[in-house]
Amino acid sequence: MQLLSIEQTTQVLNDTQKVAEESSGNESVIILVTGFVVVFMVLLLLIGIIKIYSGIVYSAQKKAENKKNKSNVTNAEPAVPMPSVAEETADEGLDLQTVAVITAAVEAFYSKGKKVRITGIRPANNNRNEWASAGLAQNIPAMRSEGLL
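Since the model is a prediction, treat every value here as computed from it, not as a measurement. (Residues numbered from 1 in each chain as written. Predicted model: local features only at pLDDT ≥ 70, side-chain atom pairs only at ≥ 80, totals over all residues. Heavy atoms only, no water.)

## Re the overall build of the protein chain
- A count of helical and extended segments in the protein chain gives five helices and zero strands.
- Tracing the protein chain from N to C terminus, the helices and strands come up as α-α-α-α-α.
- For the protein chain, buried positions account for 4% of its 149 residues.
- Taken as a whole, the protein chain presents about 13,600 Å² of accessible surface, with 63% of it coming from carbon and sulfur. (Helix = DSSP H or I, 4+ residues; strand = E, 2+ residues; numbered from the N terminus. Buried < 20%, exposed > 50% of the residue type's maximum accessible area, 1.4 Å probe, protein only. Areas by Shrake-Rupley, 256 points an atom, 1.4 Å probe, with all protein chains shown as cover.)

As structure tokens, then:
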């Protein structure tokens, strides 16, 4: 390896400085734009791969669901009539008038024109403290106006 003299070293440094001064900012802009283009192209490629994969998974799930539905149709049992809520709750000690009142209250509170089916009546398991119950009571009208209830 050959060592450069001080004069040669200063000459190389001066030449490098001149080249840097002569080149305008165009090269920097070209490098910057190229970097952005490469990054966004890779992101678009990843988005495409994810969309293709989700399509494959969706079609596989759909096929499995169709297969399951076909097997359920062939093995279907005859429908057994369900006892009404009034019959079930009469056994538990509630009279039919109480069941009717509870059913009307639930339907008025939740239905909004939709058909409501009550499957059973049981005592509430209220483990909430008073503050939680008050917050729930305060938020129910807002939830109803947003269509959450």
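Having seen the model, we can carry on.
## A few points about helix α4 (residues 96-110)
- Here α4 spans 21 Å end to end across 15 residues, near enough to the 21 Å set by a 1.5 Å rise per residue.
- In the stretch just after α4, Lys-112 is the one whose phi turns positive, near 55°. (Expected span 1.5 Å × (residues − 1).)

## Focus on a nonpolar patch on the surface
- Judged by side-chain polarity, Leu-32, Phe-36, Val-38, Val-39, Phe-40, Val-42, Leu-43, Leu-45, Leu-46 and Ile-49 come together as a nonpolar surface patch covering roughly 940 Å² of accessible area.
- Turning to its location among the elements, Leu-43 is positioned in helix α2 (residues 26-74).
- Judged by its relative accessible area of 41%, Leu-43 is partly exposed. (Patch = residues over 30% accessible without salt bridge, like charges linked within 9 Å, V, L, I, M, F, W, Y side chains within 5 Å. Salt bridge = Lys/Arg side-chain N within 4 Å of Asp/Glu carboxyl O.)

## Some details on helix α5 (residues 130-145)
- The terminal C-alpha atoms of α5 lie 24 Å apart, and with 16 residues this matches the ideal 22 Å at 1.5 Å per residue to within 8%.
- Of all bends in α5, the biggest is about 35°, found at Asn-139, and the proline Pro-141 comes one to four residues later.
- A distance of 3.2 Å separates the backbone nitrogen of Trp-131 from a side-chain oxygen at the start of α5, and that oxygen is part of Asn-129.
- The positive-phi residue at the C-terminal boundary of α5 is Gly-147, with phi of around 85°. (Bend = angle between axes of the 7 residues up to and from the residue. Polar contact = N/O pair within 3.5 Å; in protein donor to acceptor, adjacent residues only side chain to side chain.)

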